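If you want the building blocks of each chain, they are given just below.
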Amino acid sequence: QVQLVESGGGLVQPGGSLRLSCAASGSIFSGNPMYWYRQAPGKERELVADITSGGSTNYADSVKGRFTISRDNAKNTVYLQMNSLKPEDTAVYYCHAERWILSTKYRYWGQGTQVTVSS
């Protein structure tokens, strides 16, 4: 069974930092890209960052230079280091994974972790 378990959210002041973690079952983590999405109240879920199995990364323009995605393949864990946080970063952050089995794409989501940036 595929599982994605996020942790590390919380309340932080503007300008502060948080590090999110997502522990994935090995069957989905190994050899697959991993993603972080977020969804703010009243808004659509948006892609924040992604990382390939080889470590190549991409970021949303709104977080470039502030957020860093990384992965530890030995621990089946993906991280999102968030620095210089802004109130507009407030959202539920979701870990996401995809994989192809034959011709079918399977998509998996974690339960989400709340990040609130407020003074």
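Residues numbered from 1 in each chain as written. Predicted model: local features only at pLDDT ≥ 70, side-chain atom pairs only at ≥ 80, totals over all residues. Heavy atoms only, no water.

### Focus on the side chain of Asp50
Thinking step 1. By the secondary structure assignment, Asp50 is in strand S5 (residues 46-51).
Thinking step 2. Among buried charged residues, Asp50 stands out as having no salt bridge; its nearest opposite-charge side chain is Arg71, 8.8 Å away.
Thinking step 3. In contact with Asp50, not counting residues within four places along its chain, are Met34, Tyr35, Ser56, Thr57, Asn58 and Ile69. (Helix = DSSP H or I, 4+ residues; strand = E, 2+ residues; numbered from the N terminus. Buried < 20%, exposed > 50% of the residue type's maximum accessible area, 1.4 Å probe, protein only. Lys, Arg positive; Asp, Glu negative; His and termini not counted. Salt bridge = Lys/Arg side-chain N within 4 Å of Asp/Glu carboxyl O. Contact = heavy atoms within 4.5 Å.)

### With respect to the nonpolar core
Generally speaking, nonpolar side chains in soluble globular proteins are found buried as a group.
Thinking step 1. Counting residues in hydrophobic clusters, the biggest one holds 30 residues, and the most contacted among them are Leu4, Met34, Trp36, Val78, Leu80, Met82 and Tyr93.
Thinking step 2. For this core, the secondary-structure elements that each account for two or more residues are strand S3 (18-24), helix H1 (26-29), strand S4 (34-39), S5, strand S7 (67-72), strand S8 (77-82), strand S9 (91-101) and strand S11 (113-117). (Core = buried A, V, L, I, M, F, W, Y, C linked by side-chain atoms within 4.5 Å.)

### Considering the packing of aromatic side chains
Thinking step 1. By the definition in use, this model includes 3 aromatic pairs.
Thinking step 2. With a centroid separation of 5.0 Å and 70° between ring planes, the pair formed by Tyr37 and Trp109 is classed as edge-to-face. Taken together, the residues span a long stretch of sequence, with Tyr37 in strand S4 and Trp109 in strand S10 (residues 104-109) at a distance of 72 residues.
Thinking step 3. By relative accessible area, Tyr37 is classed as buried at 14%.
Thinking step 4. We classify Trp109 as partly exposed; its relative accessible area is 34%.
Thinking step 5. Ring centres of Tyr94 and Trp109 lie 6.3 Å apart, and the angle between their planes is 90°; this geometry places the pair in the edge-to-face category. Residue Tyr94 is found in strand S9, and its partner Trp109 is found in strand S10; the two are separated by 15 residues along the sequence.
Thinking step 6. Put simply, the rings of Tyr35, Tyr37, Tyr94 and Trp109 touch in pairs and so form one group of aromatic residues.
Thinking step 7. Residue placement shows Arg45 over the ring face of Tyr94; its charged tip is 3.8 Å from the ring centre.
Thinking step 8. For the cation-ring pair, Arg45 lies above Trp109, with the distance from its terminal atom to the ring centre recorded as 4.5 Å. (Phe/Tyr/Trp six-rings, centres within 6.5 Å; stacked < 30°, edge-to-face > 60°. Lys NZ or Arg CZ within 6 Å of the ring centre and 35° of its normal.)

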